[in-house]
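What the coordinates show
Below are the chains, spelled out letter by letter.
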Amino acid sequence: MPTSNASTFVVVPTYNEAAALRQTLLPLVYEGYSVVVIDDCSADNTLDTIQDLSLHYLRHPINLGQGAALQTGMRYALLQGAEYVVHFDADGQHDHREIQTLLAPVKVGEADIALGSRFQRANDVEAVPVLRRALLKVATIVNGVTTGLWLTDAHNGFRAMNRRALAAIQITENRMAHATEILSLIRQHRLRYREVPVHIIYTDYSKQKGQSALNAFNILIDLILKKLLL
Amino acid sequence: MTPIKILLALPLLALVLLFLTRLQNQTFYRLSLIVVALAGVALVLFPELSTQIAVAVGVGRGVDLVIYIGGVVFFIGMVVFYSKIRRIERTQTEIIRNMTLNQAKPLNQA
């Protein structure tokens, strides 16, 4: 199995996640994925904690945001000849055992991009804190209206794609609005997409790191401004 | 000619001069700046003009008209600057990304 996973590049943007990053990366490296860590100019000892792992390490000389880090990782993967690319959160929210589940529709050629969803299985939904559930519902509506893609989940950072999607998706939203921008690009390039149920692990750590309601408001403003100005 | 008129009109003219020399190849900005500044000078020198225009367009007082227009111009300026900043940000991102890709290092690759 490990050898066949090498053409799958798992892109992990990270910013001051030294506390959780190593634990997140270990199984990915062990399973033979090509792991690409994009250190978005962390101020902690990120590199020290992963120095001994076999992976690709990229570091932005200044902090640009998660969207920019993903795009840097995707460009790198494209240049390295990646067959598949997976977006994976650094804070341990995503389950590495679900990578293959997510990739399945892409690998069999039914979709160019698979998007993880927390809202397709009852026990996944229950794992989402109540307030966040409500917030995400609103976000799915905002996404639907602005991009024309009506999904069950929003801002789920767990995605898997083939080279066609990799080449088409060029993220220009440096910060959090990239999640919605990706949906716009899927629509624009007529990529075949599929939602796949995934389980998100909410730990105190990841909850604290996650997005606040205030952030959702900022994302909305970003998107509106983008629509108006570009 | 009261002192206040000179005090307000001269900086406006100086501003025009500054922008004309600094902003190159941007005819639209230059023209709009000249128009706005000349209108400003005219209003400073002939304050009753603003009242006449105000009454003509349906605003009670000349001062109110100036404030309204000032608000609109300020907002347009904000939007122009916002889009400029976005463009600069985009260029910066591209430069940083290329630097990052050039310096990428595989750790312990087999």
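Preceding this paragraph is the structure being described.
An account of the accompanying structure is given in this report. (Residues numbered from 1 in each chain as written. Chains lettered and ligands numbered in written order. Predicted model: local features only at pLDDT ≥ 70, side-chain atom pairs only at ≥ 80, totals over all residues. Heavy atoms only, no water.)

What follows concerns the interface of chain B and chain A. Opposite the 22 residues of chain B that make contact, chain A presents 30 residues. Carbon and sulfur atoms supply 57% of the area buried between chain B and chain A, which totals about 2200 Å² over both sides. Broken down residue by residue, the surface that chain B buries against chain A is led by B:R86, B:R97 and B:L107, which jointly contribute 27%. In this structure, the connection of chain B to chain A is made through three salt bridges. With its nearest N and O atoms 3.4 Å apart, the salt bridge here joins B:R86 to A:E173. Here chain B and chain A share seven residue pairs in polar contact (both at pLDDT 80 or more) between them. Where the side of chain B that touches chain A is concerned, the elements lending two or more residues are α4 (62-102) and β1 (105-107) of chain B. It is α4(B) that provides the largest number of residues to the side of chain B that touches chain A, a total of 15 residues. Class assignment of the residues belonging to the side of chain B that touches chain A gives a composition of nine nonpolar, seven polar and six charged. Judged from the three bridges that link them, strand β3 (residues 55-59) of chain A and β1(B) form a sheet pairing that is antiparallel. By the bridge assignment for β1(B), A:L55 is matched with B:L107. (Contact = heavy atoms within 4.5 Å. Buried area = accessible area lost by both parts, 1.4 Å probe. Salt bridge = Lys/Arg side-chain N within 4 Å of Asp/Glu carboxyl O. Polar contact = N/O pair within 3.5 Å; in protein donor to acceptor, adjacent residues only side chain to side chain. Helix = DSSP H or I, 4+ residues; strand = E, 2+ residues; numbered from the N terminus. Nonpolar A, V, L, I, M, F, W, Y, C, P; charged D, E, K, R; others polar. Pairing = 2+ DSSP bridges.)

What follows concerns helix α9 (residues 178-188) of chain A. Judged by how many residues are buried, α9(A) sits mostly within the fold: eight of 11 residues are covered. Immediately downstream of α9(A), the backbone of A:R190 shows phi near 50°, a positive value. (Buried < 20%, exposed > 50% of the residue type's maximum accessible area, 1.4 Å probe, protein only.)

Attention shifts here to a nonpolar patch on the surface. Residues and elements named next belong to chain B. A cluster of nonpolar side chains, contributed by V63, I67, Y68, I69 and V73, occupies part of the molecular surface with about 490 Å² of accessible area. Summarising the element assignment, I67 is placed in helix α4. Among the residues examined, I67 registers a relative accessible area of 54% and is labelled exposed. (Patch = residues over 30% accessible without salt bridge, like charges linked within 9 Å, V, L, I, M, F, W, Y side chains within 5 Å. Areas by Shrake-Rupley, 256 points an atom, 1.4 Å probe, with all protein chains shown as cover.)

Further remarks concern helix α5 (residues 99-107) of chain A. Residue and element names in this part refer to chain A. Of the positions making up α5, those classed as buried are I99, L102, L103, P105 and V106. Along the axis of α5, the buried positions cluster into a sector of 155°, meaning they face one direction only. A positive backbone phi angle near 85° is found at G109, which sits one or two residues after α5. (Arc of directions from axis to C-beta.)

Right, let's talk about the layout of surface pockets for a bit. Residue and element names in this part refer to chain B. Of the volumes computed, that of the second largest pocket is approximately 590 Å³. At the level of secondary structure, the elements contributing two or more residues to the lining of the second largest pocket comprise α1 (3-22), α2 (27-45) and α4. Looking at which element gives the most residues to the lining of the second largest pocket, the answer is α4, with eight residues. Of the residues assigned to the lining of the second largest pocket, the class counts are 15 nonpolar, three polar and one charged. (1 Å grid on protein atoms, 1.4 Å probe; cavity = no way out; pocket = protein on both sides within 12 Å on 5 of 7 lines; lining within 4 Å. Points joined across faces, edges and corners; volume = space filled by probe spheres on them.)

Okay, the sheet that holds β3(A) next. Sheet strands pair by backbone hydrogen bonding; their relative direction is either parallel or antiparallel. Pairing in this open sheet of eight strands is mixed, and the strands run β7(A)-β5(A)-β6(A)-β4(A)-β1(A)-β2(A)-β3(A)-β1(B) from one edge to the other. Every other strand in the sheet has two partners, leaving β7 (193-197) of chain A together with β1 of chain B as the edge strands with one partner each. In this sheet, neighbouring strand axes are inclined to one another by 25° on average, regardless of whether the strands run parallel or antiparallel. In this structure, strand β5 (residues 113-117) of chain A lies alongside β7(A), joined through five bridges in parallel fashion. Within the sheet, the bridge partner assigned to A:A114 lies in β7(A) and is A:R194. Its contacts with the sheet put helix α4 (residues 66-79) of chain A on β1 (8-14), β2 (34-39), β3, β4 (84-87) and β6 (159-162) of chain A, and the angle it makes with β1(A) is roughly 155°. (Axes fitted to C-alpha atoms, helices over the stretch in contact; angles between N-to-C directions.)

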